[in-house]
Amino acid sequence: MSQSHHADVVVLGAGPGGYAAAFRAADLGKKVILIDKGKTLGGVCLNRGCIPSKALLHLARVKSESSEVQNFGLTFPEPEWNLEKVKEWKNKRVVGRLTKGIAALAKARKVEVITGSGVFTSPSTIEVTGDDGVSEVSFEDAIIAVGSHPTKIPSFPEDPRIMNSTTALDLDGIPEELLIIGGGYIGLEMGTIYSALGSNVRVVEFMPHLLPGADPDVVKPLEQRLKKDFKEIRTGTKVQGIVPHDNHLEVTLEGSKGEEKLKVDKVLVAVGRRPNTHGSGFENIGIDIDERGFIKVDAQRQTNVPHIYAIGDITGDPMLAHKATYEGKVAAEVICGEPAAFDVTVIPAVIFTDPEIAWAGLTETQAKEQGIEYDKGVFPWSASGRALALGRTEGFSKALFDKESGKLIGMSIVGTYAGDLIAEAVLAMEMGADAEDISLIIHPHPSLSESVGNAAEIVAGSITDLFAPKR
Ligand code: NAD
């Protein structure tokens, strides 16, 4: 044992949930140790997930817009990729700058960072193995924030040409023919990136629709655009197997048309994520874990072991960074004696494709399934001056209001910047706003945000930007 450390609070895992928990606990006066095996802080999201993918999606959007504006009278030469420069920008100037910023924030708060793999050896100690040897950390309270990893399909062979989200973001060679398995968040975001980089992208989705969690009408404008950009989208199809050959991968698909074989250069498997249940010594501390491998927690994010808390992907769906951050603050505040709880009305979801898809609260499908009666306002962006000026009129904003209480219960938006626009609906739902409340807010003109107000005006009966027959 090279060193021993003691902390009031130890946080295992430095993703967006873990570092937020560590910083909040330090700000509330605790001596905090933050442990992560990564060389930089920020976890999957900052290093090899949300942030690098958004950097690349930005370039993909600029590329497609530079071609689309030709129709509006502005012509650019055909864009050319300099992959080395792209990687440098993504790795150093986006990811590197953020992770350095997080390290500086930790230092400023005197949060001690230990780099290495942490394993619980008892309910009050963690052994950390890193490049500098083994150290032991004892603690009063612990917050587990160890995250998740990409789901593997066990029958597939081990082959570097079969990528997951992490290796796909490395941009290690752009395949001519790319097959993406999974038409969810990662499949469609990475498909957008690789298509812009020049790959012929095929997507295979097991379910009958892309993005099974979103309403089909919301997915439609995205699907129409992707059908133009991608070589093929096959729903209701699964991959039976992959056989590696020297020059290609042979993939067997099974769908409604029966079995079919394809030759591709690379495959991206994006079929969900699994909690990192193993390897951190959870068996040594007696915490309750459910059958899917998620740690069971209460509203305070406390496990069955009272001084051990858990947050983020390891505690279950939705596996989203913004949920983890919120939970991290809750756990830290509870440890510090504050009356905090994870008691949110809604957690927004965003797919950063082009157009983006965002929703919060109930989707229309869920409202129907739950037998909830609602009033619906759908504002088409073809009636938005800002959307017209951007040349992006395919979107719409859909608001659902509970028939009985009148409150906003769900909002779905498809369109450019939908991920930013959904924030207003989240606030409205948290504040218990109804259609009149939202319609009486002055939205800036001309902006896409007006479409949220317009959707509410349709239900409130005060819309002037459309002609709606008297209700
Ligand atoms: P996902 O759950 O979004 O999508 C996986 C898709 O794969 C689903 O549509 C599923 O039906 C399909 N699928 C499953 N098994 C299949 C099979 N054998 N063949 C074909 N299709 C199959 O998962 P993901 O895209 O891998 O992303 C993982 C998680 O990462 C997400 O749940 C999300 O929480 C998070 N994430 C979020 C963002 C964001 O917030 N923008 C972006 C990327 C990832």
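Thresholds, definitions, all that
- Starting from 1, residues in each chain are numbered consecutively following that chain's sequence as written.
- Where totals are concerned, whole chains, interfaces and linings use all residues; where local detail is concerned, this predicted model gives features only for residues with pLDDT of at least 70, and gives and counts side-chain atom pairs only at 80 or more.
- Think of the side-chain values as coming from all heavy atoms in the structure, minus any hydrogens and water.
- Salt bridges are identified by distance alone: a Lys or Arg side-chain nitrogen within 4 Å of an Asp or Glu carboxyl oxygen.
- For every domain, the bounds stem from an assignment made automatically or drawn from a database.
- Between two residues, a contact is recorded if the distance between any of their heavy atoms is within 4.5 Å.
- Buried area: the accessible surface (1.4 Å probe) lost by two parts on joining, summed over both.
- Here a polar contact is recorded for every N or O atom pair within 3.5 Å, except that within protein the pair must consist of a potential hydrogen donor and a potential acceptor, and residues adjacent in sequence are included only if both atoms are side-chain atoms.
- Counting from the N terminus, the helices are the DSSP runs of H or I reaching at least four residues and the strands are the DSSP runs of E reaching at least two.
- When a residue's accessible area, from a 1.4 Å probe over protein chains only, is under 20% of the maximum for its type it is buried; when over 50% it is exposed; and in between it is partly exposed.
- Within this scheme, the nonpolar core is defined by two criteria: the residues are buried Ala, Val, Leu, Ile, Met, Phe, Trp, Tyr or Cys, and they are joined through side-chain atoms within 4.5 Å.
- Consider each residue's heavy atoms; a residue with any of them within 4 Å of a molecule or strand counts as near.
- The Shrake-Rupley method, run with a 1.4 Å probe, gives the accessible areas here. Residue values count only the displayed protein chains as cover.
- Between the rings of Phe, Tyr and Trp (Trp by its six-membered ring), a pair exists once the centres lie within 6.5 Å; its type follows the angle of the planes, with under 30 degrees stacked, over 60 edge-to-face, and the other angles tilted.
- For a Lys NZ or an Arg CZ to count as sitting over a ring, it must be within 6 Å of the ring centre and within 35 degrees of the ring normal.

**Student:** Is there a simple way to think about the pattern of salt bridges in this case?
**Tutor:** Pairing between side chains of opposite charge can happen when the charged atoms of each approach one another. A complete count under the given rule lists 27 salt bridges for this structure. A single salt-bridge network, built from bridges that share partners, covers E177, R202, K231, E232, R234 and E260.

**Student:** For this particular structure, what's the right way to read the domain arrangement of the protein?
**Tutor:** You can read the domains of the protein as domain 1 (2–149 + 274–335), domain 2 (162–271) and domain 3 (349–460). With 15 residues of domain 2 at the interface, the matching set in domain 3 holds 19 residues. Both faces considered, domain 2 and domain 3 share a buried interface measuring about 1400 Å² in area, 64% of it formed by carbon and sulfur atoms. Of all residues in domain 2, the largest losses of buried area upon contact with domain 3 belong to D215, V218 and R225, amounting jointly to 35% of the total for that side. Counting across the domain 2 and domain 3 interface gives 3 salt bridges. If you look at where domain 2 meets domain 3, you find 6 residue pairs in polar contact (both at pLDDT 80 or more). Of all elements in the fold, only α6 (185–196) and α7 (216–229) reach the threshold of two or more residues within the side of domain 2 that touches domain 3. Examining the composition of the side of domain 2 that touches domain 3, we find that 7 residues originate from one element, α7, more than from any other.

**Student:** Would you mind going over the environment of V62 with me for this structure?
**Tutor:** Considering the arrangement of structural elements, one finds V62 in helix α3 (residues 50–68). Judged by relative accessible area, which is 42%, V62 ranks as partly exposed. Taking the C-alpha atoms as reference, V62 lies 9.7 Å from A196; in sequence the two are 134 residues apart.

**Student:** How do you make sense of the nonpolar core when you look at a structure like this?
**Tutor:** General note: in soluble globular proteins, nonpolar side chains tend to be found buried as a group. One finds L188, Y194, L211, L268 and I357 to be the most contacted residues of the largest nonpolar core, which totals 33 residues. Counting only elements with at least two residues in this core, the list comes to α3, α5 (165–169), β9 (177–181), α6, β10 (200–204), α7, β18 (349–351) and β19 (356–361). Other than its neighbours up to four places away in sequence, Y194 contacts M163, A168, L171, G173, I174, P175, L178, S199 and V201. Core analysis: the second largest hydrophobic core is formed by 29 residues, F379, L448, V452 and A456 among them.

**Student:** Hey, could you run me through the site of the ligand in this one?
**Tutor:** Near the ligand there are 21 residues, and of these I186, E205, G272, M319 and V350 occur at the shortest range. One of the backbone nitrogen or oxygen atoms of G272 is found 2.8 Å away from an oxygen atom of the ligand. One of the backbone N or O atoms of M319 is found 2.5 Å from an oxygen atom in the ligand. Burial of the ligand by the surrounding chains reaches 78%, relative to a free accessible area of 840 Å².

**Student:** Any chance you could explain the packing of aromatic side chains here in plain terms?
**Tutor:** Two aromatic rings, taken as a pair, are described by how far apart their centres are and by the angle between their planes. In total, this model carries 4 aromatic pairs according to the counting rule given. Consider the rings of F120 and F282, whose centres lie 6.3 Å apart with planes at 50°: the pair is tilted. In this pair, F120 sits in strand β4 (residues 117–122) while F282 sits in the loop between β16 (273–275) and β17 (308–310), placing the two residues 162 residues apart along the sequence. The burial state of F120 is the same as that of F282; both residues are buried. Put simply, the rings of F120, F139 and F282 pair up and form one aromatic cluster. The ring of Y417 has R61 sitting right over it, with the charged end atom 4.5 Å from the ring centre.

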